[in-house]
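Residue strings, one per chain:
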Amino acid sequence: MRKFITLLLGFIPMFSFAGIIMTSSNERIEDVTITSETDSAIVYIQDGVEKSIAIEQVSAILYDNGTYRELQHH
């Protein structure tokens with residue numbers, strides 16, 4: 001039974017989902033978790049480090065839960 005649980009826990013990261021930020025210059029910032037959004041910036045965690053990006057530099061976000069949102073800048 002212990003081997004089964006260990007094996008099962010080993011597969012969980014394979015099914016986890018991380019977010020993606022698409023920048024206005026068509027770059028992808030992958031494996032992120034969005035922690036907060038303001039009118040001026042998006043704060044995210046990537047590789048255990050908290051980072052932020054100006055909202056004007058972001059064209060779209062694919063959230064951890066699979067929700068996709070395009071940002072329209074005026």
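Procedures and definitions
Residues numbered from 1 in each chain as written. Predicted model: local features only at pLDDT ≥ 70, side-chain atom pairs only at ≥ 80, totals over all residues. Heavy atoms only, no water. Helix = DSSP H or I, 4+ residues; strand = E, 2+ residues; numbered from the N terminus. Buried < 20%, exposed > 50% of the residue type's maximum accessible area, 1.4 Å probe, protein only. Contact = heavy atoms within 4.5 Å. Areas by Shrake-Rupley, 256 points an atom, 1.4 Å probe, with all protein chains shown as cover. pLDDT = per-residue confidence, 0-100.

Is there a simple way to think about the overall build of the protein in this case?
Regarding its fold elements, the protein presents one helix and six strands. Sequence-ordered secondary structure for the protein, helices as α and strands as β, is α-β-β-β-β-β-β. The proportion of buried residues among the 74 residues of the protein is 26%. For the protein, the proportion of contacts with a sequence separation of at least 24, taken over those separated by at least 6, is 30%. Of the roughly 5700 Å² that the protein leaves accessible, carbon and sulfur atoms contribute 56%.

Would you take a moment to explain the environment of Asp 31 for this structure?
Relative to the helices and strands, Asp 31 resides in strand S2 (residues 28–37). On the basis of relative accessibility, which here comes to 53%, the residue Asp 31 falls in the exposed class. The spatial distance from the C-alpha of Asp 31 to the C-alpha of Tyr 63 is 10.0 Å, given a sequence separation of 32 residues. Residues within four places of Asp 31 in sequence aside, it is in contact with Ala 18, Gly 19, Ile 45 and Gln 46.

Hey, could you run me through unusual backbone geometry in this one?
The phi torsion of most residues other than glycine is negative, and most of the peptide bonds are trans. Positive phi values are uncommon outside glycine, yet Asp 31 reaches one of about 55 degrees. Phi angles above zero are rare outside glycine, and Asp 47 is one such case at about 55 degrees. Tracing the sequence through the fold places Asp 47 in the loop between strand S3 (41–46) and strand S4 (49–54).

Can you walk me through the confidence of the model for the protein in this structure?
Low-pLDDT portions of the prediction should not be read for the details of their coordinates. For the protein, the mean per-residue pLDDT works out to 82, and 76% of the residues sit at or above 70. Per-element mean pLDDT across the protein ranges from 48 in helix H1 (residues 2–15) up to 97 in S4. Confidence over residues 4–9 falls short of pLDDT 50; this stretch has zero contacts with residues more than four positions distant or in other chains. Taken together, the stretch residues 11–16 has pLDDT below 50 and engages in zero contacts with residues farther than four places along the chain or on a different chain.

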